[in-house]
Amino acid sequence: MQSLAMLPQFSEILLGFATYALAASPTCSVESINAILAAVEGSPRVLEAHQIASNGTFGQVGDIAYPANATNLPSLCLTWVNVTSSPTSSYTFGLMLPDAWNARFLAVGNGGFSGGVNWQEMGVGARYGFATMSTDTGHNSTGQDMTWALGNPEAKKDWAGRSLHGSTVVAKKIVEGYYAGKALERSYYSGCSTGGRQGIKSAQDHPEDFDGILAGAPAWWSTRQQLWQLKVGAINLPEDSPGFIPSALFSAISDEVLQQCDGSDGISDGIIMDPAKCNLRLEKLLCMPSPTSNSSSCLTKPQLQTLQQLYLPLIEFDANVHKLEYLYPNFGVGSEMQIPSSLGQNNTPSLYGTDYAAKYIFDDAAWDWRTNFSYATFVDADRLNPGDVSALQYDLSAFHARGGKVITYHGYADGLIPPGASRLLYDNTYTEMAGRGVELDDFYRLFFVPGMQHCGGSIYDAPWFFGGSGQGTTLQDLARQDAWPLPGYGDGQHDALLALMKWVEKAQAPESIVATKFSNDTIANGVLRQRPICKYPGQAQYTGSGDIGNATNWACKS
């Protein structure tokens, strides 16, 4: 185990990306920033502006989506701005302008249906030196609340993408005016889940907005993703049926899957490196007719049949064209520990599915999944696609032509968005770009992370921290630690955002990124193990000698 106290500090190894101290102190005030925006379309209005001292803290009262404060901030100017998007809608964004600026812009994404400014994640970006922005997407709500969307098509457009693009345009105007003596050199984006969708959709619809996009576990096919969550919840219901699997059983299911699949790569270390290589036999979970059989750690036959359905991709017969249609991938092997998060509770599927269908797609609060949900719901959702929310334009020619780069990543143990969804997005984009004579690997790379759950965190001590969106704040929340960018690992080998910068600015494409697991997810306890995550379709393989917890003893192979 290696202590971070022995490692060089971040400022000594930040890839040579310099920061620029302000030659003169601009005025951080509502009046001065409003003056910068005087001629900007949409009549943006500065709501507040504050100078934050070094090691400062900030949070916004009433931000129910992101109530945690940004902490340990560098000296910076903080402001938030409201922009009118239609006669019936508007959105607000926050912007941090650090005194020691790296001449770059970073937008950070949102999660779920959340409406709020992600101040905590903005604080991470500001500590890298970015002028950092987050939009509230046009509403104020928690992650599973879709009430704001009911009968509000303009709010749907804001959440679907209009607010991120518009906020980016206006925020860049402020950056250019505030740092009048230094030009904005590059623009980046980092987001996961809904934030991943925001990033992919930006590359498709607004290729001019960002030079580099870091998109984790993107909910890119929003209509299918949310209805998938409705479907898997319905598969496991009703709760009084013989096939219902209670949440408590999934821990035992996960342990059995690990026992069967852990050694499929030749190493038994608590990590399923490639779920596709496991010959999983679910029937081993069946309760045996013996006095020693424990019903809290085994499945009845009806429960086993339910579990089998949860692994099968969603496929329906389309009578109109007389063929099977592939709707969406299903849970991946190894994701069992997080599956209950997608199944809902109290005899109802997850609100991620039911609220989305009723309030976002059909604008009908009385819409009842019990009587209305069918294959036709998927067809209608794709047809309506409110706000143009799904990222289905796979032609990234314009983004590629201007030198843009995309890094996507997805945890194999993700139980909220199936990892197969990122494979589907990659394959669809590959096919589209190959037809245009473009090699996808030149500007778009996908990394699957063994053992990682949704966006961050892991099971069975799998390495999962690599500077992905929200990962710094996840560690901070777990153990009240605050050290971002991370001392000792502030380089493109260990940090995906810095790897993206190296690719965009130094033409050094990432073949792998080292993921880290801190003991008990606490930085002060030191590193428990590290392992490279490899660009798809590569996979890390043990070289045959040395500590399996040391990343240097693993190599990426196709």
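Residues numbered from 1 in each chain as written. Predicted model: local features only at pLDDT ≥ 70, side-chain atom pairs only at ≥ 80, totals over all residues. Heavy atoms only, no water.

- The chain goes by Carboxylic ester hydrolase in an unreviewed UniProt entry, where it is assigned to Apiospora marii.

1. Quick look at the overall build of the chain
Item 1. If you tally the helices and strands in the chain, you get 15 helices and 19 strands.
Item 2. Relative to the compact-globule value of 24 Å for 558 residues, the chain shows a C-alpha radius of gyration of 23 Å, a close match.
Item 3. Over its C-alpha atoms, taken along the principal directions, the chain stretches across nearly 80 × 60 × 50 Å.
Item 4. With 558 residues in all, the chain has 59% of them scored as buried.
Item 5. For the chain, the share of sequence-separated contacts (at least 6 apart) that also reach a separation of at least 24 residues comes to 70%.
Item 6. Taken as a whole, the chain presents about 21500 Å² of accessible surface, with 50% of it coming from carbon and sulfur.
Item 7. Taking the average location of the 35 positive side-chain charges in the chain and that of its 53 negative ones, the two points are 4 Å from each other. (Helix = DSSP H or I, 4+ residues; strand = E, 2+ residues; numbered from the N terminus. Rg over C-alpha atoms; globule rule 2.2 N^0.38 Å. Buried < 20%, exposed > 50% of the residue type's maximum accessible area, 1.4 Å probe, protein only. Contact = heavy atoms within 4.5 Å. Areas by Shrake-Rupley, 256 points an atom, 1.4 Å probe, with all protein chains shown as cover. Lys, Arg positive; Asp, Glu negative; His and termini not counted. Charge placed at Lys NZ, Arg CZ, Asp CG, Glu CD.)

2. Thoughts on the environment of Ile-548
Item 1. Tracing the backbone through its elements, the reader meets Ile-548 in the loop between β18 (539–542) and β19 (554–557).
Item 2. Separated by 281 residues in the primary sequence, Ile-548 and Ile-267 have C-alpha atoms spaced 8.7 Å apart.
Item 3. The contacts of Ile-548, once residues within four sequence positions are left out, are Ile-267, Asp-269, Gln-530, Arg-531, Tyr-542 and Trp-554.

3. Observations concerning the state of the cysteines
Item 1. Scanning all chains against the criterion turns up five disulfides.
Item 2. A sulfur-sulfur distance of 2.0 Å marks the disulfide that ties Cys-28 to Cys-77. On the S-S bond that ties Cys-28 to Cys-77, the torsion sits near 80°, and the link is right-handed. Here Cys-28 is found in the loop between β1 (20–21) and α1 (30–36), whereas its partner Cys-77 is found in strand β5 (residues 76–86), with 49 residues between them in sequence.
Item 3. Cys-28 sits in the buried class, given a relative accessible area of 16%.
Item 4. Shown here is the disulfide that connects Cys-261 with Cys-278, its sulfur atoms set 2.0 Å apart. Negative torsions about the S-S bond denote left-handed disulfides, and the value of about -65° found for Cys-261 with Cys-278 makes this one left-handed. Of this pair, Cys-261 sits in helix α6 (residues 250–261) while Cys-278 is found in the loop between α6 and α7 (301–311), placing the two residues 17 residues apart along the sequence. Across this residue pair, the class does not change: Cys-261 and Cys-278 are buried. (Disulfide = S-S within 2.5 Å.)

4. Concerning the packing of helix α5 (residues 222–235) against helix α9 (residues 351–361)
Item 1. Where α5 meets α9, the closest approach of the two axes is 6 Å, and the angle between their N-to-C directions is 130°. With respect to α9, the axis of α5 lies oblique. Of α9, the residues touching α5 (which contributes Ser-222, Thr-223, Gln-226, Leu-227, Gln-229 and Leu-230) are Tyr-352, Gly-353, Thr-354, Tyr-356, Ala-357 and Ile-361.
Item 2. In the contact of α5 with α9, the residues fall into six nonpolar, six polar and no charged. (Axes fitted to C-alpha atoms, helices over the stretch in contact; angles between N-to-C directions. Parallel < 35°, antiparallel > 145°, perpendicular 65-115°, else oblique. Nonpolar A, V, L, I, M, F, W, Y, C, P; charged D, E, K, R; others polar.)

5. Quick look at the pattern of salt bridges
Item 1. Applying the stated criterion across every chain yields a total of 26 salt bridges.
Item 2. We note a salt bridge from Asp-158 to Arg-162, for which the minimum N-O separation is 2.7 Å. Here the residue Asp-158 and the residue Arg-162 both occupy positions in helix α3 (residues 153–178), the gap between them amounting to four residues, near one helical turn.
Item 3. Owing to a relative accessible area of 27%, Arg-162 belongs among the partly exposed residues under this scheme.
Item 4. Connected via shared salt-bridge partners are Arg-104, Lys-182, Glu-185 and Glu-505. (Salt bridge = Lys/Arg side-chain N within 4 Å of Asp/Glu carboxyl O.)

6. Looking at the sheet that holds strand β9 (residues 131–135)
Item 1. Taken in spatial order, the nine strands of this open sheet run β2-β5-β6-β9-β8-β10-β11-β14-β15, and their pairing is mixed. This sheet does not close on itself; its edge strands, each paired only once, are β2 (45–52) and β15 (444–449). Going across the sheet, the axis of each strand differs from the next one's by a mean of 15°, ignoring polarity.
Item 2. Where strand β10 (residues 186–192) meets strand β11 (residues 212–216), five bridges bridge the pair, whose relative direction is parallel. Residue Ser-190 lies in a different strand from β11, and its bridge partner there is Leu-214.
Item 3. Across the sheet, helix α13 (residues 419–434) lies against β14 (405–411) and β15, angled at about 160° from β15, the strand it touches most. (Pairing = 2+ DSSP bridges.)

7. Considering a nonpolar patch on the surface
Item 1. On the surface, a cluster of nonpolar side chains totalling about 420 Å² of accessible area is made up of Ile-315, Phe-317, Leu-324 and Tyr-326.
Item 2. Elements with a contribution of two residues or more to the nonpolar patch: β12 (314–318) and β13 (323–328).
Item 3. As for its position among the elements, Ile-315 is in strand β12. (Patch = residues over 30% accessible without salt bridge, like charges linked within 9 Å, V, L, I, M, F, W, Y side chains within 5 Å.)

8. Focus on the nonpolar core
Item 1. Residues Phe-93, Leu-95, Leu-97, Ile-253, Leu-307, Tyr-360 and Tyr-444 are the most contacted members of the largest nonpolar core, which totals 105 residues.
Item 2. Counting residues per element, this core draws most heavily on α3, which supplies nine residues.
Item 3. Each residue touching Leu-307, except ones within four places of it in the same chain, is listed here: Ile-245, Phe-250, Ile-253, Leu-282, Leu-285 and Leu-299.
Item 4. Trp-80, Ile-407, Ala-515 and Phe-518 belong to the second largest nonpolar core, which has 47 residues in total. (Core = buried A, V, L, I, M, F, W, Y, C linked by side-chain atoms within 4.5 Å.)

9. Structural notes on the packing of aromatic side chains
The geometry of an aromatic ring pair comes down to the distance between the two centres and the angle between the two planes.
Item 1. Applying the stated criterion across every chain yields a total of 30 aromatic pairs.
Item 2. Between the aromatic rings of Trp-148 and Tyr-360, the centroid separation amounts to 6.4 Å while the plane-to-plane angle is 65°, which identifies the pairing as edge-to-face. A residue pair is termed long-range when its members are at least 10 positions apart, and Trp-148 in the loop between β9 and α3 and Tyr-360 in helix α9 qualify at 212 residues. A single burial state applies to Trp-148 and to Tyr-360, both of which are buried.
Item 3. Measuring from ring centre to ring centre gives 5.1 Å for Tyr-178 and Tyr-179, while their planes differ by 85°; the resulting arrangement is edge-to-face. Each member of the pair, Tyr-178 together with Tyr-179, is buried. (Phe/Tyr/Trp six-rings, centres within 6.5 Å; stacked < 30°, edge-to-face > 60°.)

10. Quick look at the pairing of strand β8 (residues 104–108)
Item 1. The element β8 is largely enclosed, with a buried count of five among its five residues.
Item 2. Across the two faces of β8 the burial is the same, with Arg-104, Leu-106 and Val-108 and Phe-105 and Ala-107 all buried.
Item 3. Of the pairings in the sheet, the one linking β8 to β10 comprises five bridges and is parallel in character. Within β10, the position partnered with Arg-104 by the bridge is Arg-186.
Item 4. When β8 meets β9, the two strands line up parallel, connected through three bridges. Paired with Phe-105 across the two strands is Ala-131, which belongs to β9.

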